Amino acid sequence: MADENIIDGKAFAETLRGRIGDAVTSLKNDHALTPGLAVVLVGEDPASQVYVRNKGKQTIACGMESFEHRLPDSTTQAALLELIAQLNADDSVHGILVQLPLPDHIEEQAVIDAVDPEKDVDGFHVINTGRLATGAAAMVPCTPLGCLMMLQDRLGDLSGLEAVIVGRSNIVGKPMAALLISANCTVTVAHSRTRDLPAVCRRADILVAAVGRPEMIRGDWIKPGATVIDVGINRVPAAEEGKMRLVGDVAFEEAAAVASAITPVPGGVGPMTIAVLLRNTVIAACRQAGIAEPTL
Ligand code: GUN
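### Description of empty space enclosed by the protein
One pass over the structure, following the stated rule, counts one cavity of 30 Å³ or more. Around the largest cavity, the lining residues are I96, L97, V98, I112, V115, D120, D122 and F124. Among the elements that take part in the lining of the largest cavity, strand β3 (residues 95-98) stands out by supplying three residues, more than any other. Looking at side-chain class alone, the lining of the largest cavity contains six nonpolar, no polar and two charged residues.

As structure tokens, this is what we get:
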């Protein structure tokens with residue numbers, strides 16, 4: 001497969017961050033508004049620590065304010081809810097993200113739903129889920145919105161295309177379905193109980209894989225010419241003893257030989273998630289300040 005058929009999420013995210021940086025400069029100059037993002041991390045999960053560090057760095061690189069709150073694993077739900085109440089009331093904070101997963105003793109949805117829906121830059125609050133499902137102006141979850149942007153960039157108008165999403169999570173599968181329905185696709189959401197998954201996948205003009213199972217989707221499950229978006233990030237043992245490598249939910253080499261376009265892992269969907277988070281923060285800041293939203 002030629003390089004032009006690989007969807008370069010890293011480059012796409014870089015371009016988007018450039019536009020975000022320009023929008024932030026205008027907000028500062030024209031409206032004395034600096035968008036601010038608060039990220040809350042509870043506990044010591046190593047992958048979450050890396051994400052939170054990257055979010056903070058990229059927020060600052062785009063000219064925004066970053067507020068990091070790192071709390072110990074022993075933090076009570078009540079203390080976490082108290083912090084969220086403070087952030088909801090803080091006018092310099094336009095976006096709030098609580099890094100998931102949370103420790104077992106904290107009820108995740110209760111915390112998500114405590115965030116002011118207008119500051120819910122993850123788009124996980126039940127109000128935003130409802131707005132997205134009904135076509136109202138929502139905060140849209142970052143990973144699926146990043147996928148949609150890359151699809152529209154590649155394919156233009158998605159009307160009438162058959163889209164199959166493998167995975168039905170609240171974070172990716174379900175919001176991805178809502179976005180693709182709004183974009184006039186015919187949408188199927190497949191999952192672990194789907195009968196004859198390979199046959200369902202073979203119908204897809206657009207195949208979105210978000211199951212978290214390394215290289216589960218094989219080349220012969222893919223319709224020739226399809227566009228494949230691989231949301232999976234799985235760590236598997238590398239050839240070299242003791243080393244790990246990242247693979248997606250799609251067997252890349254096999255799929256790339258059949259698809260017209262495919263996102264690699266790493267370097268596909270992953271870099272888009274944080275870029276869209278920054279975009280959502282700018283949009284949230286504009287909505288809160290009553291300023292027209294830039295197109296990002
Ligand atoms: N953990 C893994 N992905 C995400 C995400 O998109 N948002 C939050 N808050 N936590 C995550």
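Having seen it, we continue.
### Notes on the pattern of salt bridges
Within the structure shown, the criterion is met by six salt bridges. When the shortest N-O distance is used, the salt bridge between R70 and E68 registers 3.2 Å. Exposure remark for E68: the relative accessible area of 36% places this residue in the partly exposed category. Note that E293 is salt-bridged to R287, the shortest N-O span being 2.6 Å.

### Thoughts on the sheet that holds strand β10 (residues 261-262)
With respect to topology, five strands assemble into an open sheet ordered β5-β4-β6-β7-β10, the strand pairing being parallel. Strands at the two margins of the open sheet, each flanked by one partner only, are β5 (186-190) and β10. The sheet contact formed by strand β6 (residues 206-209) and strand β7 (residues 227-230) spans four bridges and is parallel. If you follow L207 over to β7, its bridge partner there is V228. Helix α7 (residues 173-182) contacts β4 (162-166), β5 and β6 of the sheet and is inclined by roughly 170 degrees relative to β4.

### Focus: the site of the ligand
What surrounds the ligand is the set L97, V98, Q99, L100, D122 and F124. Taking Q99, its side chain carries an N or O atom lying 3.2 Å from a nitrogen atom of the ligand. D122 has a polar side-chain atom sitting 2.6 Å from a nitrogen atom of the ligand. Taken by itself the ligand offers 280 Å² of open surface, and the protein chains cover 79% of this.

### Observations concerning the sheet that holds strand β2 (residues 65-71)
The sheet built from three strands is open, its strands ordered β2-β1-β3 with parallel pairing. The outermost strands of the open sheet, each flanked by one partner alone, are β2 and β3. Across this sheet, the average inter-strand angle for adjacent strands is 15 degrees, counted without regard to direction. Of the pairings in the sheet, the one linking strand β1 (residues 36-42) to β3 comprises four bridges and is parallel in character. Note that in β3 the partner of V40 across the bridge is V98. Packed onto the sheet, helix α3 (residues 77-89) meets β1, β2 and β3 and runs at close to 175 degrees relative to β1. Together, β1 and β3 form the strand contacts of helix α10 (residues 269-289), whose direction differs from that of β1 by roughly 130 degrees.

### Observations concerning the nonpolar core
Residues I20, L180 and V282 are the most contacted members of the largest nonpolar core, which totals 59 residues. Looking at this core, the elements with two or more residues in it are α1 (9-31), β1, α6 (142-155), β4, α7, β6 and α10. Broken down by element, this core gets its largest block of residues, twelve residues, from α10. Residues contacting I20, with those up to four places away along its chain left out, are C62, M64, A275, L278, R279, V282 and L296.

### Quick word on the side chain of D230
As for its placement among the helices and strands, D230 is situated in strand β7. Buried and unpaired, D230 has no salt bridge, with R218 as the nearest side chain of opposite charge at 11 Å. A polar atom in the side chain of D230 sits 3.1 Å from the backbone nitrogen of V250. If we skip the residues at most four places from it in the chain, D230 touches A209, G248, D249, V250, T263, V265 and V269.

### Regarding the layout of surface pockets
Within this model, the second largest pocket holds a volume of roughly 220 Å³. What lines the second largest pocket is L132, G135, A136, A137, A138, V140, L145, L148, L179, S182, R279 and R287.

### Some remarks on the pairing of β4
By the criterion of burial, β4 is predominantly enclosed, with four of the five residues buried. Where β4 meets β5, five bridges bridge the pair, whose relative direction is parallel. Its bridge partner being in β5, I165 is matched across the sheet by V189. Note that the unit made of β4, α7 and β5 has a crossover that is right-handed. Bridge count between β4 and β6: four bridges; the pairing is parallel.

### What about the packing of α6 against α10?
The geometry of α6 relative to α10 is characterised by a closest axis approach of 8 Å and an angle of 105 degrees between their N-to-C directions. One finds that α6 runs roughly perpendicular with respect to α10. In contact with C142, T143, L145, G146, C147, M149 and M150 of α6, α10 contributes V269, M272, T273, V276, L277, R279 and N280. Partitioned by chemical class, the residues of the contact of α6 with α10 number nine nonpolar, four polar and one charged.

What counts, and at which threshold
Residues numbered from 1 in each chain as written. Predicted model: local features only at pLDDT ≥ 70, side-chain atom pairs only at ≥ 80, totals over all residues. Heavy atoms only, no water. 1 Å grid on protein atoms, 1.4 Å probe; cavity = no way out; pocket = protein on both sides within 12 Å on 5 of 7 lines; lining within 4 Å. Points joined across faces, edges and corners; volume = space filled by probe spheres on them. Helix = DSSP H or I, 4+ residues; strand = E, 2+ residues; numbered from the N terminus. Nonpolar A, V, L, I, M, F, W, Y, C, P; charged D, E, K, R; others polar. Salt bridge = Lys/Arg side-chain N within 4 Å of Asp/Glu carboxyl O. Buried < 20%, exposed > 50% of the residue type's maximum accessible area, 1.4 Å probe, protein only. Pairing = 2+ DSSP bridges. Contact = heavy atoms within 4.5 Å. Axes fitted to C-alpha atoms, helices over the stretch in contact; angles between N-to-C directions. Near = heavy atom within 4 Å. Polar contact = N/O pair within 3.5 Å; in protein donor to acceptor, adjacent residues only side chain to side chain. Areas by Shrake-Rupley, 256 points an atom, 1.4 Å probe, with all protein chains shown as cover. Core = buried A, V, L, I, M, F, W, Y, C linked by side-chain atoms within 4.5 Å. Lys, Arg positive; Asp, Glu negative; His and termini not counted. Right-handed = clockwise from strand over helix to strand, strands pointing away. Parallel < 35°, antiparallel > 145°, perpendicular 65-115°, else oblique.

Geometric values such as these leave the question of function open.
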